[in-house]
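# Structural features, examined
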Amino acid sequence: MNTGQINPAVIITSLLAASIPLSLYTTSVFIICLCVYWVIEGVLFHQEQGLSDNLITKLKRFQRSLIAKMNLFVKNTAAVVFASLYLIYLAGCLWSSDIHSAAQELREKLPLILLPILLTGIKPFNEKEFKVILIAFVSGVFFGTLSGIYLLTTRHIADTRELSPYIHHIRFSMNICLAIFILFHLFVKDLHRRPAERILFLLLIVWFGVFLFILKSLTGILLFIAFVFYALTYLAKRLKSKVLRHAAIASLFVIPLLLLSFIYGIYTSHVNIVRPNLSLLETQTASGNDYTHDTVNFKVENGQYVGLFLCEKELKANWNKRSRLDYNGKNLQGEELRYTIIRYLNAKGYRKDSVGLSKLTPYEIVAIEKGVANPGLLQPFNLSARIEGFFIDYKRY
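On a predicted model such as this, the values are computed, not experimentally measured, just so you know.

Below, the discussion takes up the nonpolar core. Counting 33 residues, the largest nonpolar core has Ile 176, Ile 180 and Phe 208 as the members making the most contacts within it. Here this core takes 11 residues from helix α9 (residues 169-189), the largest share from any one element. In this structure, Ile 176 is in contact with Val 141, Thr 145, Phe 208, Phe 211 and Leu 212, ignoring residues within four places of it in sequence. Residues Leu 315, Tyr 327, Ile 368 and Leu 377 belong to the second largest nonpolar core, which totals 20 residues.

Quick look at the structure:
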C-alpha cells in the first residue's frame, strides 16, 4: 500500500464508530465490511509479485495472513480478555429456557468477540488516524443529541427516554459519556492546540452534559459525575494557578455534599409519611359520589397515601370519555392503566375523581397512556422525579 493512499480500514472503522450511537443496522453493516477487509487485506494489499500471482500463491498468502492475524490476537492480552466477555453470555444462555431469546442475545453480542479479533489483525492506526476515528464517533453522538433536541421541540414527549430514537436510552447515555471522556482527552493532550478547536471541545462537553440531564438517564448521569471527579482531580494536579487548583480541590468536597443533600431531601419525602385522620376526611365528591380512602391496596408515594380521596366510579366514566384506552385495561407499557391514573393524580396533588381528572391536559392524558405516573418526568432537567421513581421501585422490591 502506498504511503499516500488512504487506509480503507480507517474509513470503515470511522463509519463504524459514527454508526454505534445511531443505528444497530449500519453498525452491523460496517462490522461486516471490516470482516471482509480483514479477510482480503493480506491478499489484495500485500502482493509481493504484482497482479501476476496465480491462485495457489494467493491461497498460500491468504493462509499465512489468517494465521498471522490470529497470532496477533492471541498475543494481545487486552483483546483476549475483552473477547472473553462473550463467553459469559454464552455460558448464561446454556441455562436459558428461551432458546430464541438466547440466540438473539448471542447475535447482538457478537461484536464483543469480533471487534478484538478484527482490530488486532489489521495495521495499527497512527495517531492521526486514531483521532479521525474518535472524532467520527463524537460526531455520531452529536448528531444523535441533535435528533433528540429536535424531537423535544417538535413533539409532545411523554417520556424523556424517547429522546434517544435510534438506540436504547441507557446505551445512548453511555455513548455520550464516552464522547465526553474522548473530548476531554483531546482537550488536555495538546495544550498548544488551536484555541478555536479547544473551545469547540469544551462547548461539546457542556452540550453533552446538558443533554444527559435532559435525557435523565441515571446511568449516564452517574457516569458524568464520575467524569467530573476525574476531570477535577486531573486539573487539581496540573493547574499552575494556586487559586484554580484550590477551587478544583474544594469542588471535590462540595459537589458530593450537594448531591447527598439533594438525594437525602428526596429520600426524606418518602420516609416522612403524612398519616391522615380518616375520620376527618371528606366522604363524598363534589358530584355526591362516595370517596374511598384506601390505605391497604394503595401504598405511599412522596410521603402521601395514594388511595385517599378515590372515586373510581367517576374516574372510569370520565377517563373513557377522554382516552382511547379502557380504564380497566393496560397502558402502553403493559401495566394496569387505572393504577397509573391514580398515581399520576396523586403526584399532581389532585383528588382522584372527575374534578381532578378534568384538570389534566390532553398532553398529560397521552403521557398517562404511555405509562407515566409522575408529572415530574415530563419536565426537562427534573431529576427528582427519576430519583423518586428509583426509591419507589426499591421500596416495592
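Now that the structure is up, let's keep going.
Here Lys 216, not a glycine, exhibits a phi torsion of approximately 60°, which is positive. Summarising the element assignment, Lys 216 is placed in the loop between α10 (195-215) and α11 (218-238). Among the residues examined, Lys 216 registers a relative accessible area of 1% and is labelled buried. Positive phi, close to 50°, is recorded for Phe 309, a residue that is not glycine. The topology assignment puts Phe 309 in the loop between β2 (304-305) and α13 (312-322).

The subject of this paragraph is the pattern of salt bridges. Scanning the model with the defined rule gives six salt bridges in all. The closest approach of N and O atoms between Glu 282 and Arg 351, which form a salt bridge, is 3.1 Å. Residue Glu 282 is located in the loop between α12 (242-271) and β1 (300-301), and its partner Arg 351 is located in the loop between α14 (337-348) and α15 (354-358); the two are separated by 69 residues in the primary sequence. Given a relative accessible area of 31%, Arg 351 falls into the partly exposed group. Taken together, the shared-partner salt bridges connect Glu 312, Glu 336 and Arg 338 into one network.

What follows covers the packing of helix α8 (residues 127-154) against α10. Packing of α8 against α10 brings their axes to within 11 Å, and their N-to-C directions diverge by 45°. Taken together, the axes of α8 and α10 are oblique relative to one another. For the pair α8 and α10, the sense of crossing is left-handed. Each of Lys 131, Ile 135, Val 138, Val 141, Phe 142, Thr 145, Leu 146, Gly 148, Ile 149 and Leu 152 in α8 lies in contact with α10, whose residues at this interface are Glu 197, Phe 201, Leu 204, Trp 207, Phe 208, Phe 211 and Ile 214. Grouping the amino acids of the contact of α8 with α10 by side-chain chemistry returns 13 nonpolar, two polar and two charged.

Of the voids in this model, the largest pocket is the one considered here, and its volume is about 1600 Å³. The wall of the largest pocket is formed by 39 residues, among which Ile 20, Thr 27, Ile 31, Pro 111 and Leu 115 lie closest to the centre. Those elements giving two or more residues to the lining of the largest pocket turn out to be α1 (8-19), α2 (24-44), α4 (77-83), α6 (99-108), α7 (111-120), α8 and α9. Taken together, the residues that form the lining of the largest pocket break down as 29 nonpolar, six polar and four charged.

One pass over the full model with this rule turns up 11 aromatic pairs. Considering the side-chain rings of Phe 143 and Tyr 166, the 6.5 Å spacing of their centres and the 25° angle between planes classify their relative orientation as stacked. Taken together, the residues span a long stretch of sequence, with Phe 143 in helix α8 and Tyr 166 in the loop between α8 and α9 at a distance of 23 residues. Taking 5.9 Å as the distance between ring centres and 45° as the angle between the ring planes, the aromatic pair formed by Phe 181 and Tyr 230 counts as tilted. Note that Phe 181 is positioned in helix α9 and Tyr 230 in helix α11, a separation of 49 residues in sequence. By the ring-pair criterion, three or more aromatic residues cluster together here, those being Phe 181, Phe 184, Phe 213, Phe 224, Phe 227, Tyr 230 and Tyr 234. Over the aromatic face of Trp 38 sits the side chain of Lys 69, whose NZ or CZ is 5.2 Å from the ring centroid.

Conventions used here
Residues numbered from 1 in each chain as written. Predicted model: local features only at pLDDT ≥ 70, side-chain atom pairs only at ≥ 80, totals over all residues. Heavy atoms only, no water. Core = buried A, V, L, I, M, F, W, Y, C linked by side-chain atoms within 4.5 Å. Buried < 20%, exposed > 50% of the residue type's maximum accessible area, 1.4 Å probe, protein only. Helix = DSSP H or I, 4+ residues; strand = E, 2+ residues; numbered from the N terminus. Contact = heavy atoms within 4.5 Å. Salt bridge = Lys/Arg side-chain N within 4 Å of Asp/Glu carboxyl O. Axes fitted to C-alpha atoms, helices over the stretch in contact; angles between N-to-C directions. Parallel < 35°, antiparallel > 145°, perpendicular 65-115°, else oblique. Left-handed = near helix turned anticlockwise from the far one by under 90°. Nonpolar A, V, L, I, M, F, W, Y, C, P; charged D, E, K, R; others polar. 1 Å grid on protein atoms, 1.4 Å probe; cavity = no way out; pocket = protein on both sides within 12 Å on 5 of 7 lines; lining within 4 Å. Points joined across faces, edges and corners; volume = space filled by probe spheres on them. Phe/Tyr/Trp six-rings, centres within 6.5 Å; stacked < 30°, edge-to-face > 60°. Lys NZ or Arg CZ within 6 Å of the ring centre and 35° of its normal.

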